[in-house]
Amino acid sequence: MTRANSSLIYALAAVILGFAGCKKDASSPDHPRLTPNITFRDVAFRSAALGRNMDYRVISPSVVPPGQKLPVIYLLHGGGGGFRDWSNYSDVAHYAESGILLVMPEGDSSYYTNAVDPPGDRYEDYIVQDLIPDVEYRFPAAVGRSNRAIIGVSMGGFGAVNLALHHPNLFAFAGGISSAIDVSRRAFSIKRLRQSRHYNSLFGSSGSLTRHNNDPFLLARTANPEEAPYFFLTCGEQEGLLPANREFAALLAKRHFKYEFHTVRGGHDWNQWNAWLPIIFQSVSVRLKPN
């Protein structure tokens, strides 16, 4: 290999690595898709569960009458993404015009769970113990289960379903779009060594109690369907996640949960996810009923 070719390869590698990491860079371009009658605000607050500052974005109606409280929908991003994704890659902002607070928290690569290692990465506690109270303190958020929904894509879909099963008292509606619903069941793989190590750091080793406690399939087998939120599940027909999502939907049906499950031709991307928004927001609007 010539010195010129070697230099070119290193330069290209640097560019590729730069693009791979840009999505998580706080200085990367931020182009939220906003509509005229809404406003957005980014908040950095101290999470006691994580012991550090965390970011979240809120999109709300431009005008909220004094004293009025609004239902809240928490929107969880997927793996490799960040708290800006929903506003930058989808048309979700316009749904705030109907009188809803849209809250998009940073979740890093946590699957929104309390990690085994490092034990300080308590992302589930961060969402339910820190984020929700902070939102209800800073914004005109209506409190109580009937005023809260949680929706996620991919990693966030797992997070939404898992959090809803762990905390059925907090959410009236849980949406999983292309959910990585089986992630805590995945066996260790040498071919996917880095990914497997990450899953072990989050959920523990195969067969562990923490794996069991973060397996939506096992949780759904023991949960009380009458106390659970309404589940809205979707998955693209070209996705590798489809079989697991079909299996989970069949389990919900067998146990008589309140749910709906849809499939459509499409892959694991924002084009498919954005297309679901009219249907999912129609469904969630029926289930969010202020106290």
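Cut-off values and rules
- Residues numbered from 1 in each chain as written.
- Predicted model: local features only at pLDDT ≥ 70, side-chain atom pairs only at ≥ 80, totals over all residues.
- Heavy atoms only, no water.
- Helix = DSSP H or I, 4+ residues; strand = E, 2+ residues; numbered from the N terminus.
- Contact = heavy atoms within 4.5 Å.
- pLDDT = per-residue confidence, 0-100.
- Phe/Tyr/Trp six-rings, centres within 6.5 Å; stacked < 30°, edge-to-face > 60°.
- Buried < 20%, exposed > 50% of the residue type's maximum accessible area, 1.4 Å probe, protein only.
- Lys NZ or Arg CZ within 6 Å of the ring centre and 35° of its normal.

### Points about the side chain of T113
- Relative to the elements of secondary structure, T113 occurs in the loop between strand 4 (101-105) and helix 3 (123-138).
- Not counting chain neighbours up to four residues away, the residues in contact with T113 comprise D121, R122, Y123, E124, L202, F203 and N214.

### Overview of the confidence of the model for the protein
- Confidence in the prediction for the protein averages 91 pLDDT; 90% of positions are at 70 or higher.
- Confidence drops under pLDDT 50 across residues 1-25; counting only partners more than four residues distant or on other chains, this segment forms 14 contacts.

### Comments concerning the packing of aromatic side chains
- This model, assessed by the stated rule, comprises 15 aromatic pairs.
- Pairing F45 with Y126 gives two aromatic rings, centres 6.3 Å apart and planes at 20 degrees, and the pair type is stacked. One end of the pair, F45, is in strand 1 (residues 38-47); the other, Y126, is in helix 3, with 81 residues separating them in the sequence. Like Y126, F45 is buried.
- Between the aromatic rings of Y123 and Y126, the centroid separation amounts to 5.9 Å while the plane-to-plane angle is 90 degrees, which identifies the pairing as edge-to-face. Pair noted here: Y123 and Y126 are both in helix 3, with a separation of 3 residues, about one helical turn. Of the two residues, Y123 and Y126, both sit in the buried class.
- One aromatic cluster is present, formed by F45, Y56, Y123 and Y126 through successive ring pairs.
- Here R185 stacks its cationic end above the ring of F217, 4.0 Å away from the centre of that ring.

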